[in-house]
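Residues per chain are reported as follows:
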Amino acid sequence: MAATANTTSMFFIGFAILVLSCFCLIEAQKGGFSVELIHRDSPKSPLYNPLETASNRVANALRRSFYRAHRFKPSSISTKAVDADLIADSGEYLMNVSIGTPAFDIVAIADTGSDLIWTQCKPCSQCFRQDAPLFDPSKSSTFRTFSCSASQCENLEGSSCSSNNTCRYSVTYGDNSFSNGDVAADTLTLPSTTGRPVAFRNTIIGCGHNNDGTFDENTSGIIGLGGGDVSLISQLGTSIAGKFSYCLLPLSDAGESNKMNFGTDAIVSGAGVVSTPLTKKFPSTFYFLTLEAVSVGSKRIKFTGSSLGTDDGNIIIDSGTTLTLLPEDFYSEFESAVASQIKARRVDGPQGLSLCYDATTDFAVPNITIHFTNADVKLAPLNTFVLVSDTVSCFTFSSLQGFAIYGNLAQMNFLVGYDTEKQTVSFKPTDCSKN
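In this text the structure is predicted, and so the values were computed from the model without any measurement. (Residues numbered from 1 in each chain as written. Predicted model: local features only at pLDDT ≥ 70, side-chain atom pairs only at ≥ 80, totals over all residues. Heavy atoms only, no water.)

Draft legend 1. Structural view of the overall build of the chain. Counting secondary structure elements, the chain contains five helices and 28 strands. In the chain, buried positions account for 58% of the 435 residues. Of the contacts made within the chain by residues no fewer than 6 positions apart, 71% connect residues no fewer than 24 positions apart. As displayed, the chain offers around 16,900 Å² of accessible surface, 47% of which is attributable to carbon and sulfur atoms. (Helix = DSSP H or I, 4+ residues; strand = E, 2+ residues; numbered from the N terminus. Buried < 20%, exposed > 50% of the residue type's maximum accessible area, 1.4 Å probe, protein only. Contact = heavy atoms within 4.5 Å. Areas by Shrake-Rupley, 256 points an atom, 1.4 Å probe, with all protein chains shown as cover.)

Shown next, in the form of structure tokens:
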């Protein structure tokens with residue numbers, strides 16, 4: 001989906017649910033902390049639908065993947081603004097944080113593909129429906145807005161000035177969802193699995209007074225985890241040493257939970273770790289990697305690039321796009337190499353998935369390795385084929401005209417660590433159910 005306000009296009013991401021609780025405030029130190037990570041289809045999730053079958057959930061995940069991808073427009077990447085492509089109904093992460101003093105709990109979509117943190121606020125001239133109460137900034141002793149001449153306003157692309165000299169933000173998304181409100185600062189509190197919540201003062205947020213669109217009633221806004229200046233990751237900065245990590249559970253473990261780590265707890269180390277450089281490109285929100293080749297068994301297929309570039313930063317790592325999406329010509333060669341090594345009956349699959357097999361009999365999956373710069377990521381069968389029904393198993397890669405996205409099925413059972421200070425992403429094969 002392309003953002004229409006200020007002509008920016010960003011990309012929505014998220015894969016699971018972060019359900020947190022808040023108890024008390026402590027000052028954040030340069031250490032580590034973790035929060036609980038729960039798959040959106042887990043019974044613990046507020047989005048859980050008990051009427052859906054496992055096949056329904058997989059099909060819905062694939063549908064969301066294509067929906068997000070096809071609404072992203074690479075041609076608009078070079079434009080400038082601070083907003084993001086987001087459809088809250090397709091949201092995969094929810095984060096329950098607290099804003100203000102005293103702390104006020106909100107539930108917002110945690111999005112590694114956007115930057116601005118915003119929530120619906122009183123008074124609300126137009127708000128989408130949310131089940132929880134709205135945040136009332138007048139009741140927070142630490143809430144403050146910015147004048148139009150403040151650096152926080154001048155440095156925020158896409159900001160504007162109200163008639164009373166208050167800095168305003170405005171974001172509009174490709175599905176016509178939008179949020180408008182005051183650029184502000186307040187204390188943001190993150191709960192921790194250690195039981196000691198972590199408070200971050202003077203966090204820049206958006207206080208939305210006019211918001212509408214396809215947002216879910218379980219949410220009240222956005223928590224941006226991207227690479228831009230106003231994202232949560234960037235604002236936490238030295239307090240987490242620019243580090244966060246996650247470990248995505250296989251679809252079969254949706255009822256389980258694990259952790260999302262920040263700071264020293266997010267360092268990925270030990271046997272089997274491989275690391276690849278992050279490439280800084282516009283927009284800074286996205287995490288760009290460099291894909292050099294893929295191997296199917298002993299056959300190595302060189303990646304010649306995408307609309308993101310032919311060399312460095314030619315693919316985005318996205319924890320919310322279900323499939324890994326590749327340019328059509330490259331994907332065709334990749335698929336042919338995989339199909340040539342599988343001895344099973346091909347069958348029709350869902351729209352967009354062209355390599356599917358009869359799953360009623362076991363079949364051997366070839367070894368597939370993703371060659372990023374300085375990092376060879378060896379995928380397991382659960383990363384490369386997924387059951388889309390009781391009888392059909394499909395390849396977890398697909399084609400997208402010109403574009404390249406490394407999706408979450410390829411990341412399952414890997415501890416994936418981001419270090420924005422060293423500008424690296426690390427992968428470690430891990431049983432995420434035990435992490």
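Draft legend 2. Quick look at a negative patch on the surface. A cluster of acidic residues, Glu292, Asp311, Asp312 and Asp376, forms a negative patch at the surface. Note on placement: aspartate 376 falls in strand β22 (residues 375-379). With a relative accessible area of 43%, aspartate 376 lands in the partly exposed category. (Patch = residues over 30% accessible without salt bridge, like charges linked within 9 Å, V, L, I, M, F, W, Y side chains within 5 Å. Salt bridge = Lys/Arg side-chain N within 4 Å of Asp/Glu carboxyl O. Lys, Arg positive; Asp, Glu negative; His and termini not counted. Charge placed at Lys NZ, Arg CZ, Asp CG, Glu CD.)

Draft legend 3. View of the sheet that holds strand β24 (residues 392-395). Taken together, three strands build an open sheet; the order of strands is β20-β24-β23 and the sheet is antiparallel. Each having just a single partner strand, β20 (356-358) and β23 (385-387) make up the two edges of the open sheet. With strand direction ignored, the average angle separating the axes of adjacent strands in the sheet is 30°. Here β20 runs beside β24; their pairing, made up of three bridges, is antiparallel. (Pairing = 2+ DSSP bridges. Axes fitted to C-alpha atoms, helices over the stretch in contact; angles between N-to-C directions.)

Draft legend 4. The arrangement of the sheet that holds strand β21 (residues 368-372) in detail. Ordered by their spatial adjacency, four strands build an open sheet running β17-β16-β21-β22, and the pairing between neighbours is antiparallel. If you trace the sheet from one side to the other, it starts and ends with β17 (299-302) and β22, each paired once. Taking the axes of each pair of neighbouring strands and ignoring which way they run, one obtains an average angle of 20° across the sheet. Note that strand β16 (residues 291-296) and β17 share four bridges and pair antiparallel.

Draft legend 5. Layout of the side chain of glutamine 411. Following the sequence through the fold, glutamine 411 ends up in the loop between β26 (405-406) and β27 (414-419). Accessibility expressed as a relative area gives 1% for glutamine 411, which makes it buried. Ignoring anything within four residues of it in the chain, the contact list for glutamine 411 reads Tyr246, Leu248, Ile317, Asp318, Ser319, Asn383, Tyr406, Val416 and Tyr418.

Draft legend 6. Structural view of the pattern of salt bridges. Within the structure shown, the criterion is met by six salt bridges. Between arginine 129 and aspartate 131 there is a salt bridge; the shortest N-O distance is 3.9 Å. With respect to burial, arginine 129 and aspartate 131 carry one shared label: exposed. The closest approach of N and O atoms between arginine 346 and glutamate 335, which form a salt bridge, is 3.9 Å. Note that arginine 346 is positioned in the loop between α4 (328-339) and β20 and glutamate 335 in helix α4, a separation of 11 residues in sequence. When its relative accessible area of 43% is taken as the criterion, arginine 346 is described as partly exposed.

Draft legend 7. Inspection of the state of the cysteines at higher detail. If you walk through the whole model with that rule in mind, you get six disulfides. Across the disulfide from cysteine 153 sits cysteine 167; the S-S distance is 2.2 Å. Residues cysteine 153 and cysteine 167 are joined by a disulfide whose S-S torsion is about 85°; by sign, that bridge is right-handed. Residue cysteine 153 is located in helix α2 (residues 151-154), and its partner cysteine 167 is located in strand β8 (residues 167-172); the two are separated by 14 residues in the primary sequence. Assessed through its relative accessible area of 4%, cysteine 153 is described here as buried. Two residues share a disulfide in this structure: cysteine 356 and cysteine 394, whose sulfurs sit 2.0 Å from each other. (Disulfide = S-S within 2.5 Å.)

Draft legend 8. Quick peek at the nonpolar core. Core analysis: the largest hydrophobic core is formed by 85 residues, its most contacted members being Ile317, Phe334, Ile370, Phe372, Tyr406 and Phe427. For this core, the leading source of residues is α4, giving six residues. Dropping the residues within four chain positions of it, isoleucine 370 is found in contact with Leu291, Ala293, Val294, Ala375, Asp376, Val377, Leu379, Phe397 and Tyr406. Of all hydrophobic cores here, the second largest spans 18 residues; its members include Trp118, Ala185, Ile222 and Val230. (Core = buried A, V, L, I, M, F, W, Y, C linked by side-chain atoms within 4.5 Å.)

Draft legend 9. The layout of surface pockets, seen in detail. Roughly 680 Å³ of internal volume is contained in the largest pocket. If you go around the largest pocket, you meet 34 residues; those closest to its centre are Gly227, Gly228, Asp229, Ser234 and Ser284. Of all the elements in the fold, those that place two or more residues in the lining of the largest pocket are α2 and α3 (232-236). Tallied by class, residues from the lining of the largest pocket come to 13 nonpolar, 15 polar and six charged. (1 Å grid on protein atoms, 1.4 Å probe; cavity = no way out; pocket = protein on both sides within 12 Å on 5 of 7 lines; lining within 4 Å. Points joined across faces, edges and corners; volume = space filled by probe spheres on them. Nonpolar A, V, L, I, M, F, W, Y, C, P; charged D, E, K, R; others polar.)

Draft legend 10. The arrangement of α4 in detail. For α4, spanning 12 residues, the distance from its first C-alpha to its last is 16 Å, which sits close to the expected 16 Å at 1.5 Å a residue. Among all positions of α4, only Phe330, Tyr331, Phe334, Glu335, Ala337, Val338 and Ala339 are buried. (Expected span 1.5 Å × (residues − 1).)

Draft legend 11. Broad picture of unusual backbone geometry. The omega torsion across lysine 122 and proline 123 is -15°, close enough to zero to call that bond cis. Relative to the helices and strands, proline 123 resides in the loop between β5 (118-120) and β6 (144-145). Along the chain, phenylalanine 282 connects to proline 283 via a cis peptide bond; the corresponding omega equals 0°. Topologically, proline 283 is positioned in the loop between β14 (274-277) and β15 (288-289). A positive phi angle, near 50°, is found at alanine 241, a position not held by glycine. Within the fold, alanine 241 resides in the loop between α3 and β12 (243-247).

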